[in-house]
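# Residue-level structural notes
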Amino acid sequence: LQLFYPHHCSGCGSDILPNDEMLCLHCLANLPHTYFENLAGNMTEKIFYGRAPLTAAYSQFYFAKHQLVQHLIHQLKYRGNKEIGEYLGQMMGNAIFKSTRFAGIDYLIPLPLHAGKEFKRGYNQAEVLCRGIEKTSNIRLASRLLIRQKFTETQTKKHRVERWENVEDSFAVNDETVLQNKHILLVDDVVTTGATLESGANALRHIPGIRISIGTLAIAPK
């Protein structure tokens, strides 16, 4: 069966794994979980202190260069491996579902890409994660309520102030009435300085009665 329908681990390439899994047991055991979903005042939340009014925030994994999580995110963003994105999103959904800190979330909102960038890539990796979260948490996905209204350069090589200036006023809300008095989870792949997520959260914060939480697949510690 492997000869005609090869099924390999997205982490290490091993073919010793069940057909319904994306990662082998070795890679699963080596995923660097943060367990922030159960910890108030965690590292992800501290990034946004004084910058955005959040109910809660968490990241599923620690990000480190040349390590497994970076490899998986690269597979998702640049290799078209949407399956690994949904698979990891299901892990996020399981964590959220079990945490009382994220109870009562009404909508998942993926941090949007600019339309041109999304067209070039073919999908938004944050939306792929949300589809996975939706499967295991039963929280509804609302993918077009927050839109990106200006194209921004990559944030990778910018320092903190440049990152904020690059994304300032980048987002707008499509239909504010849908989100009134709702608790939303704003989702992205990696948080570093938090500039992009902060800009997205601040585009939403003026909606009456809204509560904003943030969930990311990974956090890149300073």
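All of the points below concern the structure found in this document. It should be emphasised that the depicted structure is a prediction, and the values quoted were computed from it without experimental measurement. (Residues numbered from 1 in each chain as written. Predicted model: local features only at pLDDT ≥ 70, side-chain atom pairs only at ≥ 80, totals over all residues. Heavy atoms only, no water.)

Within the protein chain, the regular secondary structure consists of nine helices and seven strands. Considering only intrachain contacts with a sequence separation of at least 6, the fraction spanning at least 24 residues in the protein chain is 73%. (Helix = DSSP H or I, 4+ residues; strand = E, 2+ residues; numbered from the N terminus. Contact = heavy atoms within 4.5 Å.)

What follows deals with helix H6 (residues 125–137). If you check H6, its first and last C-alpha atoms are 18 Å apart, about what 13 residues at 1.5 Å a residue would give, namely 18 Å. Residues of H6 that are buried: Gln-125, Ala-126, Glu-127, Val-128, Leu-129, Cys-130, Gly-132, Ile-133 and Ser-137. The backbone nitrogen of Ala-126 lies 3.0 Å from a side-chain oxygen of the residue at the head of H6, namely Asn-124. Asn-138 occupies a position one or two residues after H6 and carries a positive phi of about 65°. (Expected span 1.5 Å × (residues − 1). Buried < 20%, exposed > 50% of the residue type's maximum accessible area, 1.4 Å probe, protein only. Polar contact = N/O pair within 3.5 Å; in protein donor to acceptor, adjacent residues only side chain to side chain.)

On to the nonpolar core. Grouped together as the largest cluster of nonpolar side chains are 64 residues, with contacts concentrated most on Leu-88, Leu-146, Leu-179, Ile-184, Leu-186 and Leu-204. Looking at which element gives the most residues to this core, the answer is helix H4 (residues 82–98), with seven residues. (Core = buried A, V, L, I, M, F, W, Y, C linked by side-chain atoms within 4.5 Å.)

On to the pairing of strand E6 (residues 183–191), then. A large share of E6 lies buried, amounting to nine of its nine residues. Pairing between strand E2 (residues 107–110) and E6: four bridges, direction parallel. Of the residues in E6, the one forming a bridge with Leu-108 is Leu-185. Relative to strand E7 (residues 211–219), E6 runs parallel, the two sharing eight bridges. Within the sheet, the bridge partner assigned to Val-187 lies in E7 and is Gly-215. Handedness of the crossover joining E6 and E7 through helix H9 (residues 195–204): right-handed. (Pairing = 2+ DSSP bridges. Right-handed = clockwise from strand over helix to strand, strands pointing away.)

A few words now on the packing of aromatic side chains. Note on aromatic pairs: each is described by the distance of the centres and the angle between the planes. Here the structure, examined in full by the defined rule, presents two aromatic pairs. With a centroid separation of 5.7 Å and an interplanar angle of 85°, the aromatic rings of Phe-36 and Tyr-62 are classed as edge-to-face. Here Tyr-62 lies in strand E1 (residues 56–62) and Phe-36 lies in the loop between helix H1 (25–29) and helix H2 (43–47), a separation of 26 residues in the sequence. Its relative accessible area of 32% is what places Tyr-62 among the partly exposed residues. (Phe/Tyr/Trp six-rings, centres within 6.5 Å; stacked < 30°, edge-to-face > 60°.)

In this section: the state of the cysteines. Counting across every chain of the model gives zero disulfides. Left without a disulfide partner, Cys-27 is nearest to the cysteine sulfur of Cys-9, which lies 3.7 Å away. You can call Cys-27 buried: its relative accessible area is 4%. (Disulfide = S-S within 2.5 Å.)

Looking now at the packing of H4 against H6. Put simply, H4 and H6 touch, their axes get as near as 6 Å, and they point 45° apart. Put simply, H4 runs oblique to H6. Between H4 and H6 lies a crossing whose hand is right-handed. Here H4 contributes Lys-82, Gly-85, Glu-86, Leu-88, Gly-89, Gln-90, Met-92, Gly-93, Asn-94, Ile-96 and Phe-97 to the contact with H6, which in turn contributes Val-128, Leu-129, Arg-131, Gly-132, Ile-133, Lys-135, Thr-136 and Ser-137. Among the residues making up the contact of H4 with H6, the classes are represented as seven nonpolar, eight polar and four charged. (Axes fitted to C-alpha atoms, helices over the stretch in contact; angles between N-to-C directions. Parallel < 35°, antiparallel > 145°, perpendicular 65-115°, else oblique. Left-handed = near helix turned anticlockwise from the far one by under 90°. Nonpolar A, V, L, I, M, F, W, Y, C, P; charged D, E, K, R; others polar.)

Another point: the pairing of E2. Of the two faces of E2, the one holding Tyr-107 and Ile-109 and the one holding Leu-108 and Pro-110 are both buried throughout. Pairing geometry for E2 and strand E3 (residues 140–141), over two bridges, is parallel. Across the sheet, the residue bridging to Tyr-107 is Arg-140, located in E3.

At a minimum axis distance of 7 Å, the contact between helix H3 (residues 68–78) and H4 shows a crossing angle of 125°. Between H3 and H4, the angle falls in the class oblique. The handedness of the crossing between H3 and H4 is left-handed. Contacts between H3 and H4 involve Leu-72, Gln-75 and Leu-76 from the first element and Lys-82, Ile-84, Gly-85 and Leu-88 from the second. Across the contact of H3 with H4, the residue classes break down as four nonpolar, two polar and one charged.

By themselves, these figures tell us nothing about what the structure is for.
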